[in-house]
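Residue-level structure breakdown
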Amino acid sequence: MKTNPSRQMKTRLRKILRPSTIGETQRGSVLLETVLVMPALLLLMLAMFELGRAVYIQTALNAATHQGVRVAAQRGGGAPDGKTQAGVAAFKQAVADDPILDPKKIHGTPKFTPARCTRTSSTIVGTTQYKLDFVFPGFNALAKLASKSSSGVTSGIVLTGKANLRCEVTWK
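Residues numbered from 1 in each chain as written. Predicted model: local features only at pLDDT ≥ 70, side-chain atom pairs only at ≥ 80, totals over all residues. Heavy atoms only, no water.

Below, the discussion takes up the packing of aromatic side chains. This structure, assessed with the given rule, holds three aromatic pairs. With a centroid separation of 5.8 Å and an interplanar angle of 70°, the aromatic rings of F49 and F136 are classed as edge-to-face. Highlighted residues: F49 in helix α3 (residues 27-75) and F136 in the loop between β2 (123-132) and α5 (137-146), separated in sequence by 87 residues. For F49, a relative accessible area of 45% corresponds to the partly exposed category. Residue classification places F136 among the partly exposed positions, given a relative accessible area of 26%. Ring centres 6.3 Å apart and planes at 75° place the aromatic pair F136 and F139 in the edge-to-face group. Every member of this aromatic cluster is reached through a ring pair, and the members are F49, F134, F136 and F139. (Phe/Tyr/Trp six-rings, centres within 6.5 Å; stacked < 30°, edge-to-face > 60°. Helix = DSSP H or I, 4+ residues; strand = E, 2+ residues; numbered from the N terminus. Buried < 20%, exposed > 50% of the residue type's maximum accessible area, 1.4 Å probe, protein only.)

Membership of the largest hydrophobic core comes to 14 residues, with the highest contact counts inside it found for I57, L101 and L132. Put simply, the parts of the chain that give this core at least two residues each are α3, α4 (85-97), β2 and α5. With five residues, the top contributor of residues to this core is α3. The residues contacting L132, other than those within four sequence positions of it, are R53, A54, I57, I157 and L159. Membership of the second largest hydrophobic core comes to eight residues, among which are A72, F112, C117 and C167. (Core = buried A, V, L, I, M, F, W, Y, C linked by side-chain atoms within 4.5 Å. Contact = heavy atoms within 4.5 Å.)

Quick look at the environment of T113 now. Tracing the backbone through its elements, the reader meets T113 in strand β1 (residues 111-113). T113 sits twelve residues away from V125 along the chain, and the two C-alpha atoms are 5.3 Å apart.

What follows deals with the sheet that holds β1. The antiparallel open sheet is built from three strands, whose spatial order is β1-β2-β3. Taken across any chain shown, the strands that pair with only one partner, and hence form the sheet edges, are β1 and β3 (157-166). This sheet shows a mean twist of 15° between the axes of neighbouring strands, independent of strand direction. The pairing of β1 with β2 spans three bridges and is antiparallel. Residue F112 lies in a different strand from β2, and its bridge partner there is G126. (Pairing = 2+ DSSP bridges. Axes fitted to C-alpha atoms, helices over the stretch in contact; angles between N-to-C directions.)

Once that is clear, we can look at α4. For α4, which comprises 13 residues, the first-to-last C-alpha distance of 18 Å matches the rise-based estimate of 18 Å (1.5 Å per residue) to within 8%. G87, V88, A90, F91 and V95 are the residues of α4 that are buried. One side of α4 carries all its buried residues, which in axial view fall inside an arc of 160°. Turned more than 90 degrees away from the buried face of α4, the exposed residues are Q85, K92 and D97. (Expected span 1.5 Å × (residues − 1). Arc of directions from axis to C-beta.)

Below is the structure:
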């Protein structure tokens, strides 16, 4: 029994050009590559989100500190202990007005030095600290590992807000 050569050619051509055979060998490798790359891309995306949030919090903390220093400089300084009451109140109000900053995470009391404006020290410097907690728990664990001191105590991540302004006192 002889087969028709044109029929054999058509059969071979169908097998070669059949769409399902073109991608069948690559389906498994595409799935494997996706499984291997996707966690790294997700981790990178989450890290970018956390970094952006930390930068925003740092900027907001600096702005709130600047507000406190501005009020302290306008009043010509404050109490002898270096904690200008009006400046601290302005700082706390600026933190309360911000949608992201949490007043409970302010670390310590804001410091404004020198306590009073004099002819020799006409600049007030404000320093505040804020404890940063990440949204994703895995980053908190990494931050604790990275910030371990030699004694084994973890300090976490503390952002520092700084600002300085000249006193607005007119000397006679």
